[in-house]
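Commentary on secondary and tertiary structure
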Amino acid sequence: MGFANTQLFLQLVIFHLLMLRGYSSSSSERHFVEHVALFVFGDSLFDPGNNNYINTTTDFQANFWPYGISYFDPPSGRFSDGRLIPDFIAEYAGLPIIPTYLDPRNNEFVYGANFASGGAGALVESHAGFAVDLKTQLQYLYDLEKQFRQNLGDSKTDKLLSNAVYLFSCGGNDYLSPVGNNDSILYPYTHDQYVRMVIGNISEVFKGIHEKGGRKIGIATVAPLACWPSVRAERPGNTCNEELDVITSLHNQQLSKKLVELEEELEGFKYALFDLNTEVSNRMKNPSKYGFKVGDTACCGSGPFGGIYSCGGKRGVTEFDLCDNINDYYFFDSNHNNEVANRQYAELLWNGESSVTAPYNLKELFLPQVTKESF
């Protein structure tokens, strides 16, 4: 075993020992240095039920049957039949399920918090008034930081925030929300101008986290929205939206470049970029390779491809179709995949090869900062 491999092995051993020690005490004062916290930001791909606690419509909520049918009873508000990517990441990291920030029953966040909101975008204008935008989610972290400083003190708070991993899913709603409003979905902006605004807002949130001591970011690329069941169902001939394909590809290219720039600009900044776009596309085009039978049609919904967003009675549609075997369908509803796919994605984010998640994967980012204080 080479020196680098030996060093990594020792880090992993220490990591698991610290995890075990972290669970030996329920005291925030004692266990805060013994785990790496997880803070989650973004949209419905990561929302654990925050939208249950805001004034919105059922289009932006999932706290009713059949959502959660494979795992949660009663439904938690997750936009899937079961668990989401952050739920599995927490499991792999030895953490409990990360608490929903807006749930008033939750007040203990030393293991992290989930701020994600279904429908949220990097731009405030994306689904404004119906979701919690990304900058407001950042403000929630700032509020939590103040709470930590009151309860734990400055030194322990600094350590918690600097060791933590910050996980993001954001951007898709910034491109989906204008669809159908104009001949060009981004009018009056060029594609490049619009994407730069979205990426700019995301990077400003990264910088805000960095100012508070955060150093480790995980983020997914935007999925191939152009052929989403909900998009195709609304178009003449049920065709894919070529403009969405162009704009999401541009987003993912610019996101990758921006992360490289931030790595050079921000001291200690590290990131894991997960190629969700490619992984979703692969499952839609070749579902059987990944354990599915149907890759382009939703299990729950109505209309062509199950693409009418009516699952559970959304939009006042009381009748909707629900498939017999959820796991046969990659899509659970017309905008969201099922729990099986979420586990697959979480595994790739956690321990994926560099062709899928790079330059780090989350397992590497969760390695604690090993210092004398850790022992």
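Residues numbered from 1 in each chain as written. Predicted model: local features only at pLDDT ≥ 70, side-chain atom pairs only at ≥ 80, totals over all residues. Heavy atoms only, no water.

Stated formally: UniProt positions are given in the numbering used here, feature names are shortened, and annotations may be inferred rather than shown by experiment.
The protein carries the name GDSL lipase/esterase, SGNH hydrolase superfamily in an unreviewed UniProt entry, which gives Helianthus annuus as its organism. In the Sequence similarities (unreviewed entry) part of its UniProt record, the protein is described as follows: "Belongs to the 'GDSL' lipolytic enzyme family."

**Focus: the UniProt feature "coiled-coil region" (unreviewed entry) in the protein**
Selection criterion: Secondary structure follows DSSP: runs of H or I at least 4 residues long count as helices, runs of E at least 2 residues long count as strands, and numbering of each begins at the N terminus.
The UniProt record marks residues 252-279 with the feature "coiled-coil region" (unreviewed entry), using the residue numbering of this structure. In residues 252-279, the share of helix is 64% and the share of strand is 18%. The end C-alpha atoms are 13 Å apart.

**Some words on the pattern of salt bridges**
Opposite charge on two side chains makes pairing possible when the charged atoms of those side chains draw close. Rules: Salt bridges are defined by distance alone: a side-chain nitrogen of Lys or Arg within 4 Å of a carboxyl oxygen of Asp or Glu. In this scheme, a residue with accessible area under 20% of its type's maximum is buried, one over 50% is exposed, and one in between is partly exposed, where area comes from a 1.4 Å probe on protein chains only.
All chains considered together, the criterion is met by 12 salt bridges. Residue aspartate 158 is joined to arginine 149 by a salt bridge in which the shortest nitrogen-to-oxygen separation is 2.7 Å. Given a relative accessible area of 38%, aspartate 158 falls into the partly exposed group. For arginine 149, a relative accessible area of 27% corresponds to the partly exposed category. Across the pair lysine 207 and glutamate 204 runs a salt bridge, and its minimum N-O distance is 3.7 Å.

**What about the nonpolar core?**
For clarity, the threshold we go by: We define a nonpolar core as any set of buried Ala, Val, Leu, Ile, Met, Phe, Trp, Tyr and Cys residues linked to one another through side-chain atoms lying within 4.5 Å.
Ranked by size, the top nonpolar core spans 90 residues in total, and within it Phe39, Ile89, Tyr166, Phe168, Leu362 and Phe366 carry the most contacts. Core analysis: the second largest hydrophobic core is formed by 11 residues, Phe64, Phe79, Tyr309 and Phe332 among them.

**Considerations on the packing of aromatic side chains**
To keep it simple, the criterion reads: Stacked, tilted and edge-to-face pairs are distinguished by plane angle, under 30 degrees for stacked and over 60 for edge-to-face with tilted covering the rest, among Phe, Tyr and Trp rings (Trp via its six-membered ring) whose centres lie within 6.5 Å.
Enumeration over the complete set of coordinates arrives at 26 aromatic pairs. Relative to phenylalanine 115, the ring of tyrosine 101 lies with its centre 5.1 Å away and its plane at 65 degrees, an arrangement referred to as edge-to-face. Taken together, the residues span a long stretch of sequence, with tyrosine 101 in the loop between α3 (85-92) and β2 (112-114) and phenylalanine 115 in the loop between β2 and α4 (134-152) at a distance of 14 residues. You can call tyrosine 101 buried: its relative accessible area is 17%.

**Focus: the layout of surface pockets**
The condition that has to hold: Using protein atoms alone on a 1 Å grid, points that fit a 1.4 Å probe yet trap it form a cavity, whereas open point sets bounded by protein on both sides within 12 Å along at least five of seven lines form a pocket; residues with an atom within 4 Å of a point count as lining. Grid points are joined across faces, edges and corners, and a volume is the space filled by probe spheres set on the points. Note that Gly is not counted as nonpolar here; it falls among the polar residues with everything else outside the nonpolar set of Ala, Val, Leu, Ile, Met, Phe, Trp, Tyr, Cys and Pro and the charged set of Asp, Glu, Lys and Arg.
Within this model, the largest pocket holds a volume of roughly 720 Å³. Lining the largest pocket we find 36 residues, and of these His127, Asn173, Leu176, Ser230 and Asn335 sit closest to its centre. Of all the secondary structure elements, the ones that give two or more residues to the lining of the largest pocket are α6 (172-176), α8 (229-233) and α10 (276-285). By residue number, the principal contributor to the lining of the largest pocket is α6, which donates three residues. Considered class by class, the residues forming the lining of the largest pocket number 16 nonpolar, 16 polar and four charged.

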